[in-house]
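# Structural overview for review
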Amino acid sequence: MRTRVAMFFLCLTFVLSAVPADAQYAVRSSSDRATGENYRVEISGFLWNPTPDISIASESIPGVIGDKIDFVEDLGLEKTTFRQLRVVLRPATKHKFRFEFTPINYEQPNGELRRDVVFNGIRYSVGIPVATEVNWNAYRFIYEYDIIYRDRGYLGILLEAKYTDIRTELVSPFNNEFVHARAPIPAIGVIGRVYPAANISITGEFSGIRWPSSFDEDYEGKYFDFDIYGTVNFTDHFGVQAGYRSFDVFYRIEEDEGDLKIKGFYFGGLVRF
């Protein structure tokens, strides 16, 4: 995936750099911009139907090592459609403040374990009924600065704070155990957009951070977020959007570990003022 991301932004930089010099430095009015680029506030909502890949291990009792539980293979977790909210405040042409909220909730009320597992120091035996719930609230607070801005595209950098709040729970007739992890995560990234037509844009962005175990052998983590989407703008004030997005989150805190990946297509609409 990293190769595709790098190629996208390399091609975008080439296209934007190829604009003639007189076009690059001429002062342009907002009326010359592509449809959808004249706004101060943008609000968008989406439906996302990603494929989950979630594994978690937890040690609640010292010395009782938890098993790494695959919530899809071991507990039968299924795909679910989520809603997303995005808000963009644009005080100046090259500056944007963005907020995103994605509530990710998986529920499997009638699951059945396919092997013996230890979760939070408690053994859950194969064949017993287990209700599973995963609540993952993902927040993004982003400042975007567009280093290169043209009428038909731009290339920018992202400085952001991600806030992740994950709670997983297993409920059987005999036990009820849960794990709760939350933390603010700083990240950096890049974003680029091109307009192949005056009212159609293609946008890609990638942000993330990695915390290697070489800093502290008891702690390790990463958070990668990749998003590519196309937008059709009917006017400056209204458009529709479809894209593909993936979250890749990993954390290890002493003996507790989580590996969460979700990826898939989404679609929705947006309004601008």
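This is a predicted model, so every value here is computed, not measured.

### Focus on the pattern of salt bridges
This structure, assessed with the given rule, holds 24 salt bridges. When the shortest N-O distance is used, the salt bridge between Asp225 and Arg140 registers 3.6 Å. Placement of the pair is Asp225 in strand 12 (residues 219–233) and Arg140 in strand 8 (residues 129–150), with a sequence separation of 85 residues. Taken individually, Asp225 and Arg140 each receive the classification buried, so the pair is uniform in this respect. Where Arg245 meets Asp225, a salt bridge forms, and the shortest distance between an N and an O atom there is 2.8 Å. Of this pair, Arg245 sits in strand 13 (residues 238–253) while Asp225 is found in strand 12, placing the two residues 20 residues apart along the sequence. Look at Asp225 and you get buried, because its relative accessible area is 2%.

### Side note on the confidence of the model for the chain
For the chain, the average pLDDT comes to 86, and 87% of its residues sit at 70 or higher. Of all the helices and strands in the chain, helix 2 (residues 21–25) carries the lowest mean pLDDT, 37, while strand 1 (residues 41–48) carries the highest, 98. Within the model, the stretch residues 4–29 combines pLDDT values under 50 with 32 contacts to residues more than four positions away or in other chains.

### Considerations on the nonpolar core
The biggest cluster of nonpolar side chains holds 32 residues, and the ones touching the most others in it are Ile54, Phe71, Tyr106, Tyr124, Trp136, Leu170 and Phe247. Looking at this core, the element that brings in the most residues is strand 8, giving 4 residues. Setting aside chain neighbours within four positions, we find Trp136 in contact with Thr102, Pro103, Ile104, Asn105, Thr164, Asp165, Ile166, Phe247, Val249, Leu260 and Ile262. The next biggest cluster of nonpolar side chains, apart from the first, holds 5 residues, and it includes Tyr149, Tyr154, Leu158 and Ile191.

### Some details on the packing of aromatic side chains
In the structure shown here, the tally under the stated rule is 13 aromatic pairs. Centre to centre, the rings of Tyr244 and Phe265 are 5.1 Å apart; their planes meet at 65 degrees, and the pair counts as edge-to-face. With Tyr244 in strand 13 and Phe265 in strand 14 (residues 256–272), the pair connects residues that are 21 residues apart, well separated along the chain. Classification of Tyr244 by relative accessible area gives partly exposed; the value is 25%. A relative accessible area of 60% places Phe265 in the exposed class. Taken together through their ring pairs, the aromatic side chains of Trp48, Trp136, Tyr223 and Phe247 make up a single cluster.

### Regarding the layout of surface pockets
Estimates place the volume of the largest pocket at around 580 Å³. Around the largest pocket sit 24 residues that line it, and Ala183, Ile185, Gly221, Tyr251 and Ile253 are the ones nearest its centre. When contributions to the lining of the largest pocket are tallied by element, the ones reaching two or more residues are strand 9 (153–171), strand 10 (176–197), strand 11 (200–211), strand 12 and strand 13. When residues in the lining of the largest pocket are grouped by element, the largest group, 8 residues, is from strand 10.

### Regarding a nonpolar patch on the surface
On the surface, a cluster of nonpolar side chains totalling about 610 Å² of accessible area is made up of Ile43, Leu85, Phe234, Phe238, Val240, Val271 and Phe273. Residue position: Phe273 is located in the segment after strand 14.

### Topic: unusual backbone geometry
Most peptide bonds take the trans configuration, and most residues that are not glycine carry a negative phi. The phi dihedral of Asn120 falls on the positive side, at around 60 degrees, and the residue is not glycine. Mapped onto the fold, Asn120 is located in the loop between strand 6 (117–119) and strand 7 (122–124). We classify Asn120 as buried; its relative accessible area is 9%.

### Overview of the pairing of strand 13
Sheet topology note: the strand 12/strand 13 ladder contains 15 bridges and is antiparallel. Within strand 13, the position partnered with Tyr219 by the bridge is Ile253. Two successive antiparallel strands, strand 12 and strand 13, enclose a turn made up of 4 residues. Note: strand 13 against strand 14, 16 bridges, orientation antiparallel. The residue bridging Asp248 from the neighbouring strand is Lys261, located in strand 14. Taken together, strand 13 and the strand that follows it, strand 14, pair antiparallel across an intervening segment of 2 residues, in which Glu254 is found at a positive phi of about 55 degrees.

### What to know about the environment of Phe101
By the element assignment, Phe101 lies in strand 5 (residues 95–112). Note: C-alpha distance between Phe101 and Val87 (14 residues apart in sequence) is 9.1 Å. Leave out the neighbours within four places in its chain, and Phe101 touches Arg83, Gln84, Leu85, Asn137, Ala138 and Tyr139.

The rules we used
Residues numbered from 1 in each chain as written. Predicted model: local features only at pLDDT ≥ 70, side-chain atom pairs only at ≥ 80, totals over all residues. Heavy atoms only, no water. Salt bridge = Lys/Arg side-chain N within 4 Å of Asp/Glu carboxyl O. Helix = DSSP H or I, 4+ residues; strand = E, 2+ residues; numbered from the N terminus. Buried < 20%, exposed > 50% of the residue type's maximum accessible area, 1.4 Å probe, protein only. pLDDT = per-residue confidence, 0-100. Contact = heavy atoms within 4.5 Å. Core = buried A, V, L, I, M, F, W, Y, C linked by side-chain atoms within 4.5 Å. Phe/Tyr/Trp six-rings, centres within 6.5 Å; stacked < 30°, edge-to-face > 60°. 1 Å grid on protein atoms, 1.4 Å probe; cavity = no way out; pocket = protein on both sides within 12 Å on 5 of 7 lines; lining within 4 Å. Points joined across faces, edges and corners; volume = space filled by probe spheres on them. Patch = residues over 30% accessible without salt bridge, like charges linked within 9 Å, V, L, I, M, F, W, Y side chains within 5 Å. Areas by Shrake-Rupley, 256 points an atom, 1.4 Å probe, with all protein chains shown as cover. Pairing = 2+ DSSP bridges.

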